[in-house]
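Now for the letters of each chain:
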Amino acid sequence: MWLNVSSAPFLLTGFPGLEAAHHWISIPFFAIYVSVLLGNGVLLYLIKDDHNLHEPMYYFLAMLAGTDLTVTLTTMPTVMGVLWLNHREISHGACFLQAYFIHSLAFIESGVLLAMAYDRFIAICTPLRYSSILTHSQVIKIGLGVLMRGFLSLVPPILFFLYWFPYCRSHVLSHAFCLHQDVMKLACADITFNRIYPVVLVALTFFLDVLIIVFSYILILKTVTGIASGEERAKALNTCVSHISCVLVSYITVIGLTFIHRFGRHAPHVVHIAMSYVYFFFPPFMNPIIYSIKTKQIQKSIICLFSGKK
């Protein structure tokens, strides 16, 4: 037993009741992790190596792939540690840092999807001014803005308050990784700020991002319907399909997870855990596949990469 209960490490949880099957469960988890790392890693390499992909649209795609890679590398050590080795202990500092990166990267991904919508809006609604508006310096500024919004907005509730809270209740967490809402429930302190701040933050970021993305596509559709040529209309819309698919994959998983937590109180606990893994695994797994299938220039780069041609 720990002499100071508050300093005892947190205990991560895999799949309660299925501990005997953790080694078998780890096989698809490891396969998904490898697929995510390879898929997003290849995308980043192609965008760096192929000069035909040195355009704002693909720079934003590189930001999305980088975000997906980072969130995967953030959760992978603890998840596989629990499933492979039954290593459940995690120190307070490591837990807070993991929670900080997980939540910050979620906001960054939402910001990148918004930036990609802006890119498609400029490309279709004002094509003649596209290169003058989305210059390299402008893309860098947008990228830095997205990163700052994600990393700075989560500093108060996680790095300040969670770090100083005393923890004298159960130290058992409900997932194989640390989440802010999971950790704060274990604190023996007033967590009012930590309850309210995330709700306000989500309203000002996720919901606002979704509204702006929807509004941008309304304007895009309005512009496309004004194009006389049917072939040109199809070509314009086709450039948006990949982004729309990624937006749907990302936000549908968020909505699904929210509904499960809000209305699925009587559902088995394993369902809640499974949905949280879907939320973290599905978008990073699907995004490279979507862009590889729907984007001809990336298809050509992949063919050139594996055929050895330049």
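Reading the values: rules and limits
- Residues numbered from 1 in each chain as written.
- Predicted model: local features only at pLDDT ≥ 70, side-chain atom pairs only at ≥ 80, totals over all residues.
- Heavy atoms only, no water.
- Core = buried A, V, L, I, M, F, W, Y, C linked by side-chain atoms within 4.5 Å.
- Buried < 20%, exposed > 50% of the residue type's maximum accessible area, 1.4 Å probe, protein only.
- Helix = DSSP H or I, 4+ residues; strand = E, 2+ residues; numbered from the N terminus.
- Contact = heavy atoms within 4.5 Å.
- 1 Å grid on protein atoms, 1.4 Å probe; cavity = no way out; pocket = protein on both sides within 12 Å on 5 of 7 lines; lining within 4 Å.
- Points joined across faces, edges and corners; volume = space filled by probe spheres on them.
- Nonpolar A, V, L, I, M, F, W, Y, C, P; charged D, E, K, R; others polar.
- Expected span 1.5 Å × (residues − 1).
- Bend = angle between axes of the 7 residues up to and from the residue.
- Salt bridge = Lys/Arg side-chain N within 4 Å of Asp/Glu carboxyl O.
- Disulfide = S-S within 2.5 Å.

With that settled, the discussion passes to the nonpolar core. What tends to happen in soluble globular proteins is that the nonpolar side chains get buried as a cluster. Within the largest apolar cluster, 88 residues are counted, with the highest numbers of intra-cluster contacts made by Phe 10, Phe 29, Leu 61, Tyr 167, Val 183 and Tyr 277. Considering each element in turn, this core owes the most residues, 18 residues, to helix H3 (residues 92-125). When neighbours within four sequence positions are excluded, Leu 61 is seen to be in contact with Leu 43, Ile 47, Met 116, Tyr 291 and Ile 298.

Let's shift gears to the layout of surface pockets. As a volume, the second largest pocket reaches approximately 580 Å³. Contributing to the lining of the second largest pocket are 20 residues, with Arg 120, Lys 235, Ala 236, Asn 238 and Thr 239 lying nearest its centre. Within the residue set of the lining of the second largest pocket, elements represented by two or more residues are helix H2 (56-85), H3, helix H9 (230-263) and helix H11 (296-307). For the lining of the second largest pocket, the leading source of residues is H9, giving 7 residues. Residue composition of the lining of the second largest pocket, grouped by class: 8 nonpolar, 6 polar and 6 charged.

Here we take up helix H8 (residues 192-225). Between its first and last C-alpha atoms H8 spans 49 Å; for 34 residues at 1.5 Å apiece the expected length is 50 Å, and the two agree. The largest bend in H8 comes to about 30°, at Val 202. Taken together, the buried positions of H8 are Asn 194, Leu 201, Thr 205, Phe 206, Asp 209, Ile 213, Ser 216, Tyr 217, Ile 220 and Val 224.

With that settled, consider the side chain of Arg 120. Along the polypeptide, Arg 120 turns up in helix H3. Each residue touching Arg 120, except ones within four places of it in the same chain, is listed here: Met 57, Tyr 130, Tyr 217, Ile 220, Thr 239 and Cys 240.

With a probe scaled to a water molecule rolled over the atoms, the places where space remains empty come into view. Considering all chains together, one arrives at 2 cavities of 30 Å³ or more under this definition. In this structure, the largest cavity encloses a volume near 210 Å³. Surrounding the largest cavity, 17 residues form its lining, Leu 105, Ala 106, Glu 109, Ser 250 and Tyr 279 being those nearest its centre. When residues of the lining of the largest cavity are traced back to their parent elements, those giving at least two are H2, H3, H9 and helix H10 (269-294). If one sorts the elements of the lining of the largest cavity by residue count, H3 sits on top with 5 residues. Its residues assigned to classes, the lining of the largest cavity comprises 11 nonpolar, 4 polar and 2 charged. Its boundaries defined by the atoms lining it, the second largest cavity holds a volume of some 60 Å³.

A word on the side chain of Thr 205. In this structure, Thr 205 sits in helix H8. Thr 205 gets classed as buried once you look at its relative accessible area, which sits at 6%. In contact with Thr 205, other than residues within four places in its own chain, are Phe 107 and Arg 149.

What follows covers the pattern of salt bridges. Scanning the model with the defined rule gives 2 salt bridges in all. We note a salt bridge from Arg 120 to Asp 119, for which the minimum N-O separation is 2.8 Å. Taken as a pair, Arg 120 and Asp 119 share a single burial class, namely buried. Measuring nitrogen to oxygen at the nearest pair gives 2.8 Å for the salt bridge that ties Arg 149 to Asp 209.

This brings us to the state of the cysteines. Enumeration over the complete set of coordinates arrives at 2 disulfides. Disulfide pairing is shown between Cys 95 and Cys 178; the S-S distance is 2.0 Å. Around the S-S axis, the bridge from Cys 95 to Cys 178 shows a dihedral of about -120° and counts as left-handed. Here Cys 178 lies in the loop between helix H6 (155-164) and helix H7 (180-184) and Cys 95 lies in helix H3, a separation of 83 residues in the sequence. We classify Cys 178 as buried; its relative accessible area is 0%. Each sulfur in the disulfide pair Cys 168 and Cys 188 lies 1.9 Å from the other. The S-S bond linking Cys 168 to Cys 188 shows a torsion near -130°; that makes this disulfide left-handed. Residue Cys 168 is located in the loop between H6 and H7, and its partner Cys 188 is located in the loop between H7 and H8; the two are separated by 20 residues in the primary sequence. With no disulfide of its own, Cys 125 lies 8.8 Å from the sulfur of Cys 240, the closest cysteine sulfur. A residue is classified by how much of its surface remains accessible, and Cys 240, at 1% relative accessible area, is buried.

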